[in-house]
Amino acid sequence: MLQPKKTKYRKQFRGKMRGNSKGHRLNFGDYGLKAITRGWISSAQIEAARRAITGYTKRAARVWIRLFPDKPITKKGAGAPLGAGKGDVEGYVAVVKPGKVMFEVSGVEEEIAREALRRAGSKISVRTKIISKSY
């Protein structure tokens, strides 16, 4: 699972997810998976999507992961009373806004790349679309 090596602060506020993403173009690969809606993507979802891409392409494709889970998410224990402070860090998420290119693929044919990205999109909790350099 992806997570930062160290952080300046252990816990963060939840924050706002207003606006659109800046990383909205393909920079590395020929095909990409682009977010349409906003949300949080956990490190487990990123890993599942990466495994879906590499498994379907039989490791022939070059894959770029364009997001990193650097936001800590906290959760209180099941029997914890109200009050008593903020919970412990449960995991890390990446904040995704509309237009963010999350994965890029190159080195395989178009049909294989599209199917691999479609499978990866089903592992992620935001709606996605597949884009290519020629669009």
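Heads up: these notes are all about the structure in this document. These numbers were taken from a predicted model, which means no experiment stands behind them.

Notes on the packing of aromatic side chains
Okay, so step 1: Across all of its chains, the model carries 1 aromatic pair by this definition.
Okay, so step 2: With centroids separated by 5.8 Å and ring planes inclined at 15 degrees, the aromatic side chains of Phe28 and Trp64 adopt a geometry described as stacked. In this pair, Phe28 sits in the segment before β1 (31–35) while Trp64 sits in strand β3 (residues 62–65), placing the two residues 36 residues apart along the sequence.
Okay, so step 3: A relative accessible area of 46% places Phe28 in the partly exposed class.

Focus: the sheet that holds strand β2 (residues 39–42)
Okay, so step 1: Read across the open sheet, the 3 strands follow the order β2-β5-β4; overall the sheet is antiparallel. The two strands at the open ends of the sheet, each matched to only one other strand, are β2 and β4 (71–75). The average undirected angle you get between the axes of adjacent strands in this sheet is 50 degrees.
Okay, so step 2: Across 5 bridges, β4 lies against strand β5 (residues 88–96) in antiparallel orientation. What sits directly across from Pro72, in β5, is Tyr92.

Digging into the layout of surface pockets
Okay, so step 1: What the largest pocket holds in volume is close to 160 Å³.
Okay, so step 2: Ser21, Leu67, Phe68, Ala94, Val95, Val96, Lys97 and Lys100 together form the lining of the largest pocket.
Okay, so step 3: Partitioning the lining of the largest pocket into residue classes produces 5 nonpolar, 1 polar and 2 charged.

Criteria and cut-off values
Residues numbered from 1 in each chain as written. Predicted model: local features only at pLDDT ≥ 70, side-chain atom pairs only at ≥ 80, totals over all residues. Heavy atoms only, no water. Phe/Tyr/Trp six-rings, centres within 6.5 Å; stacked < 30°, edge-to-face > 60°. Helix = DSSP H or I, 4+ residues; strand = E, 2+ residues; numbered from the N terminus. Buried < 20%, exposed > 50% of the residue type's maximum accessible area, 1.4 Å probe, protein only. Pairing = 2+ DSSP bridges. Axes fitted to C-alpha atoms, helices over the stretch in contact; angles between N-to-C directions. 1 Å grid on protein atoms, 1.4 Å probe; cavity = no way out; pocket = protein on both sides within 12 Å on 5 of 7 lines; lining within 4 Å. Points joined across faces, edges and corners; volume = space filled by probe spheres on them. Nonpolar A, V, L, I, M, F, W, Y, C, P; charged D, E, K, R; others polar.

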